[in-house]
Amino acid sequence: MKVLIITDAWFPQVNGVVTTYTNVIAELRKLNLDVEVVHPAFFFSIPLPFYPEIKAAINPWKVIKLIKRANADYIHIATEGPLGLLARVYLSHKKIAFTSAIHTKFPEYLKAHIGFPVSITYALMRWFHSQSSNVLVNTESHKLELQRRGFKNLALWSRGIDFNQFSNNSLEVHLKDYLLYVGRVSKEKNIEAFLSLKTNFDKVVVGDGPYRKKLQKKFPLVKFVGCKSGPELSAWYRNAKVFVFPSKTDTFGIVMIESLASGVPVAAYPVTGPLDIIQEGINGSLNDDLGCAISNAMQINREDCINSAQAYKWKNVAEQFLNNLSCTKSHKLSEFDKTSSVS
C-alpha cells in the first residue's frame, strides 16, 4: 500500500509539522508501507517575507505530475501552501479522494504579522478543506473551535514524542531552576508576555526566529541560547523549574509534552492546546494570569509530569493517521496485515 504526503513544510525547517510527519512516516515504514513525500525541494522556491526559513514553491503546478507518477492508494495534503493548493484543486477536479490537516491557527498568524482579517482567512481555509474526506486536527478544543467556524469532516490526530531523547541525561547545562521557553521566537508565540514578567528566577529561551534580535535587545537579562537538539535540548528541559508556554495561537504544542517527559511542569494560558494537555495541579497550571500559573506549577511533582506524558507515543499517532486515511478508499486497513498495526 502506498501513501503520498504533499507538504509545503519540510527539512531543513524545524517546526511541529516537520516533526510530526517525520515521526509518523518512520512508524508507517515500520509497517512496510510505501510512503512518498512531495515537498519544496522538488520545486523552485523562495523564502516567505515573515518566515524566511520557510520557502514557498513558485512552480507548484509540477505537483500534478508528481501525483500522477506516484500512483498512490492514499493521498494526504499536509499544508495549505502552494503545493497543497494545487494538489487540492487537481484532486477535487478529478474527484480523487484525499485527506488534509490543519496544524496551525494560520488566520491568527496572518493577523498578528500583517493585520489581515481573520474572517477572510478562515473563509479561504473552509474552501480549501471542504473537499477533504477527513480534516485532521490536533486537539478536541481546536476541533470545537473549527466546528463553530463551519468546518466539516473534522477528525482528531494527536501528537507524540521520543521518550528516549528526553530521558537522556548525558549532558548538563551550567544553570539550574530557571523558567524556560522552547520554540520559534516569533511574534505570534506571545513570548513577550513571559519575558516581561517580574520574577526572581532566570529566564531561558531555546529557539530562533525573526523576533529574537528585538527581544534580546528589550530583555538583556534573558538568556537566549538558540536552537538545540538531542541531549543538549534534553538538558535545557531537565534543569528548568517550570516550562512556560505563553502562546495563544498554537493548536497543540509538542514542546509541552517534551517538557512533561523531562519531568518539568507547564505554565500556560487556558487556551487551545494547553487545555487539552495540562491537568491542573497534576502536570501544570493554566491561568489568565501567567505569573500565577508559574507559581502554581512550581508546586507540582516532577514524577507526575513524566507519568502524564506516557500517553503521547508516535506509534499511537501513526495509528490515528492510518485510520483517518482509510475512509478515502473502498478497502480498509484490514487489507494489509493489521496484526502488525501500531497500538
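This text follows the structure it describes.
Residues numbered from 1 in each chain as written. Predicted model: local features only at pLDDT ≥ 70, side-chain atom pairs only at ≥ 80, totals over all residues. Heavy atoms only, no water.

1. Some details on the nonpolar core
- By size, the foremost hydrophobic cluster in this structure holds 58 residues, and its most contacted members are Tyr-21, Leu-180, Phe-243 and Phe-321.
- If sequence neighbours within four positions are ignored, Tyr-21 has contacts with Ile-5, Trp-10, His-76, Ala-78, Ala-101, His-103, Trp-157 and Phe-321.
- Within the second largest apolar cluster, 22 residues are counted, among which are Ala-193, Phe-219, Val-242 and Ile-294. (Core = buried A, V, L, I, M, F, W, Y, C linked by side-chain atoms within 4.5 Å. Buried < 20%, exposed > 50% of the residue type's maximum accessible area, 1.4 Å probe, protein only. Contact = heavy atoms within 4.5 Å.)

2. Let's talk about a nonpolar patch on the surface
- A surface patch of nonpolar side chains, amounting to about 360 Å² of accessible area, comprises Ile-114, Phe-116, Ile-120 and Leu-124.
- Mapped onto the elements of the fold, Phe-116 is located in the loop between α4 (106–114) and α5 (118–129). (Patch = residues over 30% accessible without salt bridge, like charges linked within 9 Å, V, L, I, M, F, W, Y side chains within 5 Å. Areas by Shrake-Rupley, 256 points an atom, 1.4 Å probe, with all protein chains shown as cover. Salt bridge = Lys/Arg side-chain N within 4 Å of Asp/Glu carboxyl O. Helix = DSSP H or I, 4+ residues; strand = E, 2+ residues; numbered from the N terminus.)

3. Let's talk about the sheet that holds strand β2 (residues 34–38)
- The strand order β2-β1-β5-β6-β7-β8 describes an open sheet built from six strands, whose pairing is parallel. One side of each edge strand has no neighbouring strand; the edge strands of this open sheet are β2 and β8 (154–156). Going from strand to strand, the sheet's axes swing by 25 degrees on average, the running direction of each strand aside.
- Looking at chain direction, strand β5 (residues 74–77) and strand β6 (residues 99–102) are connected through two bridges and run parallel. Residue Ile-77 lies in a different strand from β6, and its bridge partner there is Ser-100.
- The strands touched by helix α1 (residues 16–30) are β1 (2–6), β2, β5 and β6; relative to β2, the strand with the most contacts, the crossing angle is about 155 degrees.
- The sheet strands contacting α5 are β5, β6 and β7 (135–137), and the helix crosses β6 at an angle near 155 degrees. (Pairing = 2+ DSSP bridges. Axes fitted to C-alpha atoms, helices over the stretch in contact; angles between N-to-C directions.)

4. Here's the deal with the packing of α4 against α5
- Between α4 and α5, the least distance of the axes is 9 Å, while the angle of their chain directions is 145 degrees. In the crossing of α4 with α5, the sense of the turn from one axis to the other is right-handed. Residue-level inspection shows Phe-106, Pro-107, Glu-108, Leu-110 and Lys-111 of α4 in contact with α5, the latter providing Val-118, Thr-121, Tyr-122 and Met-125.
- Partitioned by chemical class, the residues of the contact of α4 with α5 number six nonpolar, one polar and two charged. (Left-handed = near helix turned anticlockwise from the far one by under 90°. Nonpolar A, V, L, I, M, F, W, Y, C, P; charged D, E, K, R; others polar.)

5. Quick notes on unusual backbone geometry
- At the junction of Phe-11 and Pro-12, the peptide bond is cis and its omega measures out at 10 degrees in the coordinates.
- Mapped onto the fold, Pro-12 is located in the loop between β1 and α1.
- With phi around 65 degrees, Asn-32 is a residue other than glycine that occupies positive phi space.
- Along the chain, Asn-32 falls in the loop between α1 and β2.
- Phi is positive for Lys-95, which is not a glycine, with a value near 55 degrees.
- Within the fold, Lys-95 resides in the loop between α3 (82–93) and β6.

6. Here's the deal with the environment of Lys-152
- Relative to the helices and strands, Lys-152 is located in the loop between α6 (140–148) and β8.
- For the pair Lys-152 and Ser-130, spaced 22 residues apart in the sequence, the C-alpha separation amounts to 7.1 Å.

7. Remarks on the pattern of salt bridges
- Applying the stated criterion to the full structure yields ten salt bridges.
- The shortest N-O distance in the salt bridge between Arg-184 and Glu-188 comes to 4.0 Å.
- Accessibility expressed as a relative area gives 5% for Glu-188, which makes it buried.
- Here Lys-189 ties to Asp-250 by a salt bridge, and the two come within 3.0 Å at their closest N and O atoms. Placement of Lys-189 in the loop between β9 (178–182) and α8 (191–195) and of Asp-250 in the loop between β12 (240–245) and α11 (254–261) is noted, with a sequence separation of 61 residues between them.
- Since its relative accessible area comes to 12%, Lys-189 is described here as buried.
- What makes Asp-250 buried here is its relative accessible area of 12%.
- Here the salt bridges do not stand alone but share partners, grouping Glu-172, Lys-176 and Arg-238 into one network.

8. Observations concerning the sheet that holds β9
- Reading across the sheet, the six strands line up as β11-β10-β9-β12-β13-β14 and stay open at both edges, with parallel pairing between neighbours. Every other strand in the sheet has two partners, leaving β11 (223–226) and β14 (284–286) as the edge strands with one partner each. Strand-to-strand twist in this sheet, taken as the mean axis angle between neighbours without regard to direction, amounts to 25 degrees.
- Relative to β12, β9 is paired through three bridges, and the arrangement is parallel. Looking across to β12, one finds that Leu-179 is bridged to Val-242.
- Across the sheet, α11 touches β9, β12 and β13 (266–268), and the angle it forms with β12 is around 165 degrees.

9. Notes on α1
- The first and last C-alpha atoms of α1 sit 21 Å apart over 15 residues, in line with the 21 Å expected at 1.5 Å per residue.
- Taken together, the buried positions of α1 are occupied by Val-17, Val-18, Thr-20, Tyr-21, Val-24, Ile-25, Glu-27 and Leu-28.
- In this structure, the buried residues of α1 make contact with β1, β2, β5, β6, α11 and α15 (314–325).
- The backbone nitrogen of Val-17 has a side-chain oxygen 3.2 Å away, supplied by the residue at the start of α1, namely Asn-15.
- Remark: Asn-32 follows α1 within two positions and exhibits a positive phi of approximately 65 degrees. (Expected span 1.5 Å × (residues − 1). Polar contact = N/O pair within 3.5 Å; in protein donor to acceptor, adjacent residues only side chain to side chain.)

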